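Reading the structure
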Amino acid sequence: MSLHRISLILGAILGIFALTAQSVYISPDISIKNDFSYYVLSHPNGTFSLIRDKSYKLSLQTLGVDFEWSIEKSIEIPGKKWRIIEAFESGNDIGLFYISKSDGEYSLIYSIYNSQAILLKETIIYTGISITNNEGIKILTSDDKNWTGIGFYNTQNEKQLLLYNRLQDSVYYSVNVDKLIDDDEIIIREFEISNQGLVFLFGRTTEPGSGKRKTQTVICKIDLKGNKSENRVITFDNGVFINGYAKFDNLNKRLVIGGLYAEKIHQQPKGYVVSYVNEDMSLAASTNVPFTAELLDEWNGKGKKSVLASSELSTRTIALKSDGGCLIIFENTKELSRRPYFSSSDPTGTYPSRWYDYYFDDIIVASLDKNGKLAWDRVLHKRQYSQDDEGLFSSFFVFHTSALLGIIFNDAISSEGTVSEYLLKPNGDHIRKSLLNTSYKNLNLRFQDATELDAQSILVPSENSGKLNLVKIVFE
């Protein structure tokens, strides 16, 4: 099949934004109807690897620079039973983390394969992992992709955290998190890794004292030897931290935790929270800022009832600024379930017992400086609705350039719709424009799973009627 290329030249953009153009490359279809999952990897040589987990076997295909697929090859995984955890590019090769059973024991293994699906290297990084308790195994990497942190349960049902350096092919430590924390009232939620291999754990604890016990945020650091720092508890006098998101700022060498605050847990948010924690665990700044009246007026429109009363504002991501500040990006979401109108029960088993409706609507962007002071906040309007798809084609992707931030999303969850983008300047000025019309192209783009290739291009998977395309958008 010949290369699919659609060149789109956009008209003049209002205001101060320059004329832009983009080219869109669409790969040939691949049927994924019987696939359990798939992974897409980008390589320095301009090719892409598609790894397909079919539950009984693993296959590999390469999308070349001409946007044509290679023949399908099988990847041989050792052991009688295996489960893929994550896939990473390793230069122009493929790195796989997986659990495999051999001699009656499950091991966590990292293997490297080339583009011909030939095994180049295999490292057993942990033996004695529990397969039954690891459906939610957690794996994170540093920004430079060298350090990998893996959270899992061992056969004694104990929480383990393992730090592995892929470049050095070295396990630095595996620690028992529960014994390391040694405090039943601290619940670890997430972790983040710096480019120096420092691991920051953050979660919740309760503040002792008379009367009501107040939930607070707690942070600790694990060094390269597996030693834990003292806990750093972040408190707020007039609220609790909810819906947090953490990102390590490798330029300014500090952990950024952003989110929302409310008067009490499970109450609607009142405003933004940001905390900056230095690499040595000293607190650089921590503040909570109420939503501005102007923002709430724009968000609620003419409605008398607050939008927050019937939906959930989720912290999606943090974009770092070179001066030490950050942008915290939120999304207004809602999930509803209902019974099919035709029957409350179906004796034939033909229809699902419930329908699920997914709403992914307005985006809020809050810009905070390095001291936690609010510079500006904006509402970026969008409306996305879908049913029984787990919201896979909703939400948005953040695309970074040196001067602008692009927020790209599907205008409607349909194979016949428009892809739109908000262009956001550092001072909060923004404009919305259309990027691509997907009508007659049979594209359902999953922007939540898009990859930023460089400062000019992104790769987005598209799924429609059991078929997969990879779509490359180049901003010229």
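It should be emphasised that the depicted structure is a prediction, and the values quoted were computed from it without experimental measurement.

Ordered by their spatial adjacency, 4 strands build an open sheet running E8-E9-E10-E11, and the pairing between neighbours is antiparallel. Edge strands, defined here as strands with exactly one partner in the open sheet, are strand E8 (82–90) and strand E11 (119–127). With direction set aside, neighbouring strand axes in the sheet form an average angle of 20°.

Before going further, it helps to examine the nonpolar core. Membership of the largest hydrophobic core comes to 23 residues, with the highest contact counts inside it found for Tyr272, Phe330, Ile364 and Leu368. If we ignore the near neighbours within four places in the chain, the residues touching Leu368 are Val274, Tyr276, Val289, Lys321, Gly325, Cys326, Ile328, Lys373, Leu374 and Ala375.

Right, let's talk about the sheet that holds strand E22 (residues 271–278) for a bit. Reading across the sheet, the 4 strands line up as E20-E21-E22-E23 and stay open at both edges, with antiparallel pairing between neighbours. Of all strands in the sheet, those with a lone pairing partner are strand E20 (240–249) and strand E23 (283–290), marking the two edges. With direction set aside, neighbouring strand axes in the sheet form an average angle of 15°. When E22 meets E23, the two strands line up antiparallel, connected through 7 bridges. In the sheet register, Tyr276 faces E23, and the bridge partner there is Ala285.

Another point: the pairing of strand E6 (residues 58–63). A large share of E6 lies buried, amounting to 6 of its 6 residues. Here E6 shows no split at all, with Leu58, Leu60 and Thr62 on one side and Ser59, Gln61 and Leu63 on the other all buried. In the sheet, strand E5 (residues 48–53) pairs with E6 via 6 bridges, with the strands oriented antiparallel. Bridge assignment links Ile51 to a residue of E6, and that residue is Leu60. Counting the residues in the hairpin turn of E5 and E6 gives 4 residues, including Ser55, whose phi is positive at 70°.

Let's shift gears to the side chain of Gln61. Residue position: Gln61 is located in strand E6. Residue classification places Gln61 among the buried positions, given a relative accessible area of 10%. When residues no more than four places from it in sequence are discounted, the contact partners of Gln61 are Ile30, Phe48, Ser49, Leu50, Arg52, Trp69, Ser70, Ile71 and Glu72.

Turning next to the pattern of salt bridges. In the structure shown here, the tally under the stated rule is 11 salt bridges. In this structure, Glu72 engages Arg52 in a salt bridge whose closest nitrogen and oxygen atoms are separated by 3.7 Å. Remark: Arg52 occurs in strand E5 and Glu72 occurs in the loop between E6 and strand E7 (73–75); sequence separation between them is 20 residues. For Arg52, a relative accessible area of 6% corresponds to the buried category. Here Asp169 ties to Lys121 by a salt bridge, and the two come within 3.2 Å at their closest N and O atoms. You can see Asp169 sitting in the loop between strand E14 (159–165) and strand E15 (170–176) and its partner Lys121 sitting in strand E11, a full 48 residues away along the chain. By relative accessible area, Asp169 is classed as partly exposed at 24%. It is possible to trace a salt-bridge network through shared partners that takes in Asp35, Arg52, Lys54 and Glu72.

Let us look at the pairing of strand E12 (residues 138–141). Where burial is concerned, the two faces of E12 differ: the one with Ile139 and Thr141 is buried and the one with Lys138 and Leu140 is not. Sheet analysis places E12 next to strand E13 (residues 147–153), joined by 4 bridges and oriented antiparallel. When the sheet's bridge partners are listed, Lys138 is paired in E13 with Gly151.

Looking now at unusual backbone geometry. Not every positive phi belongs to a glycine, and Asp169 is a case in point at roughly 50°. The phi angle at Ser465 is positive, at roughly 55°, despite the residue not being glycine. For Ser465, the location among the structural elements is in the loop between strand E34 (457–464) and strand E35 (467–475).

Basis of the calculations
Each residue is numbered by its place in its chain's sequence as written, counting from 1. Given that this is a predicted model, residues contribute local features only at a pLDDT of at least 70 and side-chain atom pairs are listed and counted only at 80 or more, while totals for whole chains, interfaces and linings are drawn from all residues. Just so you know, side-chain values use all the structure's heavy atoms and leave hydrogens and water out. By this definition, two strands are paired if DSSP reports at least two bridges between them. Secondary structure counts use DSSP, requiring at least four H or I residues in a row for a helix and at least two E residues in a row for a strand, with both numbered from the N terminus. Axis angles are defined between N-to-C directions and span 0 to 180 degrees, where every axis is a line fitted to C-alpha atoms and, for a helix, only to the segment in contact. Only buried Ala, Val, Leu, Ile, Met, Phe, Trp, Tyr and Cys residues count toward a nonpolar core, and they belong to the same one when joined by side-chain atoms within 4.5 Å. Throughout, exposure labels follow a simple rule: accessible area from a 1.4 Å probe, protein chains only, divided by the maximum for the residue type, with under 20% read as buried, over 50% as exposed, and the rest as partly exposed. Contact definition: two residues touch when any of their heavy atoms are within 4.5 Å. We define a salt bridge as a contact between a side-chain nitrogen of Lys or Arg and a carboxyl oxygen of Asp or Glu at a distance within 4 Å.

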